[in-house]
Amino acid sequence: YGSFIDDLRIYVRGGTGGMGYPRLGGEGGRGGDVWFVARERITLKGIKEKYPHKRFVAGTGANSSVKALKGEKGKDCEVHVPPGISLLLDDGKQIGELNAAGERFLAARGGLGGSLATNFLPCKGQKRIIHLDLKLIADVGLVGFPNAGKSSLLSKISHAKPKIASYAFTTIQPELGKIIYSDYKQISVADLPGLIEGAHVNRGMGHKFLKHVERTKQLLLVVDISGFQLSVKTQFRTAFETILLLTKELELYKEELVTKPALLAINKMDLPCAKDNLNELMSQLQNPQDFLHLVEEEMIPANTLEFKEVIPISTSTGEGIEELKAYIRKSIDEEAEQENEEYRKKKLLLLQTSQ
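Owing to the predicted nature of the structure, the values given are computational and were not obtained by experimental measurement. (Residues numbered from 1 in each chain as written. Predicted model: local features only at pLDDT ≥ 70, side-chain atom pairs only at ≥ 80, totals over all residues. Heavy atoms only, no water.)

S.K.: Break down the overall build of the protein chain for me, with residues and values.
M.R.: If you tally the helices and strands in the protein chain, you get 6 helices and 14 strands. Taken across its 355 residues, the protein chain has 46% of its residues classed as buried. Contacts in the protein chain between residues at least 24 apart in sequence constitute 72% of all its contacts with a sequence separation of at least 6. (Helix = DSSP H or I, 4+ residues; strand = E, 2+ residues; numbered from the N terminus. Buried < 20%, exposed > 50% of the residue type's maximum accessible area, 1.4 Å probe, protein only. Contact = heavy atoms within 4.5 Å.)

Next comes the structure, spelled out in structure tokens:
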């Protein structure tokens, strides 16, 4: 994954309470709390570099005294984290998540100050080991096997400058780009490391790749029209088989991924025989059941992906790129309209039931 970090294990501890004052019944201040706060432009790598010990401890509560019988609360500790963070305990249990800038989560509570109930002795703060698990939030996630042209496509449609080469696995860390339209609307696109067969069982970068697909609103499958072969030792796959395999990997990792809205970009249309291959692929996609007997049974997904559009493109000549950008915009707008409609219906229903 290069220098990109999407998982960080840190120690948090709430502050200890302050001492009570037995003679006058004074109460010590409560210990400070540790909060996670989502902020833009924060990275897990940045947190690791700034706080190499990865320990966050809140302030101790003030002791009760003759001048102040009620001690002041200890200073809270705020840890700024990037949006898209899931908070997990060591056993894998999720205790919370922060998806938008400004959201807060109480990670460790401060201990109570000394009082009559505690024999005027302070309590220690809560302590925890928490995993910060980052899943990129993007409107569109590019999905495809290595060398399908995802990085080239990202550089064509956005201002991102990913590393591009003619060998497999050029992308070793996620890249985020933004498509900026003439009316200044922006759509974020994530190029993720290439999937390989067996990714769902964590082969290659399996789970590291697939977990980022979870947070994208829509999928854009990028497929090489001439087919795909990872190496001389692996089997050659046609474009149709590639689509089936990608769907199968997504489905085996998490079934809900296959229900996301999806577009299909057929790349490398500048190659010879591309038009004939495309005609063959389109007939296979229109009636996939008629061609499933040609592939091994374990390659067939339980549910095939329903593509909203199939767009032939060439990242080297620029063919179909503008059409693809228009379809991405249309698809995102349609989904947003649908969500708004559902929200309006829920509001209306609530109003009707309350009346």
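S.K.: Tell me about the pairing of strand β2 (residues 34-38), and name the residues and values.
M.R.: With 4 of 5 residues buried, β2 is to be regarded as a mostly interior element. With 5 bridges connecting them, β2 and strand β4 (residues 77-81) associate as parallel partners. When the sheet's bridge partners are listed, V34 is paired in β4 with C77. Pairing between β2 and strand β7 (residues 104-108): 4 bridges, direction antiparallel. Looking at β7, one finds that V34 is bridged to A108. (Pairing = 2+ DSSP bridges.)

S.K.: Outline the packing of helix α2 (residues 150-157) against helix α6 (residues 321-354), supporting the account with residue identities and numerical values.
M.R.: Running from amino to carboxyl end, α2 crosses α6 at an angle of 80°, the nearest separation of the two axes being 11 Å. As summarised for this structure, α2 and α6 are arranged roughly perpendicular, according to the angle between their axes. Taking contact as the criterion, the partners of L153, K156 and I157 in α2 are, on α6, I321, L324 and K325. By residue class, the composition of the contact of α2 with α6 is 4 nonpolar, no polar and 2 charged. (Axes fitted to C-alpha atoms, helices over the stretch in contact; angles between N-to-C directions. Parallel < 35°, antiparallel > 145°, perpendicular 65-115°, else oblique. Nonpolar A, V, L, I, M, F, W, Y, C, P; charged D, E, K, R; others polar.)

S.K.: Account for the sheet that holds strand β11 (residues 186-191), with residues named and values stated.
M.R.: Consider a sheet: its strands pair through backbone hydrogen bonds, and that pairing is either parallel or antiparallel. Pairing is mixed in the open sheet, where 6 strands are placed in the order β10-β11-β9-β12-β13-β14. Across the chains shown, the open sheet's two edge strands, defined by having one partner strand only, are β10 (175-180) and β14 (307-312). Each strand axis lies, on average, 25° off the axis of its neighbour in the sheet, ignoring direction. Of the pairings in the sheet, the one linking strand β12 (residues 218-224) to strand β13 (residues 262-267) comprises 6 bridges and is parallel in character.

S.K.: Provide a residue-level description of unusual backbone geometry, including the pertinent values.
M.R.: A positive phi angle is found at N119, which is not glycine, with a value near 60°. Among the structural elements, N119 can be located in the loop between β7 and β8 (127-134). Given a relative accessible area of 61%, N119 falls into the exposed group. Phi angles above zero are rare outside glycine, and C273 is one such case at about 70°. Residue placement: C273 occurs in the loop between β13 and α5 (274-286). Under the relative-accessibility criterion, C273 is labelled exposed at 53%.

S.K.: Can you lay out the pairing of β8 for me, pointing to particular residues and giving the numbers?
M.R.: Summarising the sheet, strand β1 (residues 7-13) and β8 pair through 7 bridges and their orientation is antiparallel. The partner of V12 across the bridge, within β8, is R128. Here strand β5 (residues 85-88) runs beside β8; their pairing, made up of 4 bridges, is antiparallel. In the sheet register, S86 faces β8, and the bridge partner there is D133.

S.K.: Kindly report on the side chain of E214, identifying the contributing residues and their values.
M.R.: Mapping E214 onto the fold places it in the loop between α3 (206-213) and β12. Judged by its relative accessible area of 18%, E214 is buried. Within polar-contact distance, the side chain of E214 engages the side chain of Y253 at 2.9 Å. (Polar contact = N/O pair within 3.5 Å; in protein donor to acceptor, adjacent residues only side chain to side chain.)

S.K.: So what about α5? Which residues, and what values?
M.R.: An ideal rise of 1.5 Å per residue puts 18 Å on 13 residues; α5 measures up with 18 Å between its terminal C-alpha atoms. Among the residues of α5, A274, L278, L281 and Q284 are the ones counted as buried. Angular distribution of buried residues about the axis of α5 spans 125°; they occupy a single face of the element. Every exposed residue of α5 that faces more than 90 degrees away from the buried side is listed here: K275, D276, N279 and Q286. (Expected span 1.5 Å × (residues − 1). Arc of directions from axis to C-beta.)

S.K.: Which residues make up the environment of Y21, and what values do they have?
M.R.: Note on placement: Y21 falls in the loop between β1 and β2. Assessed through its relative accessible area of 19%, Y21 is described here as buried. In the structure, Y21 is positioned 44 residues away from S65 in sequence and 6.4 Å away in space, judged by C-alpha atoms. When sequence neighbours within four positions are dropped, the list of residues in contact with Y21 reads G26, S64, S65, V66 and F120. Among the polar contacts made by the side chain of Y21, one reaches the side chain of R23 at a distance of 3.2 Å.

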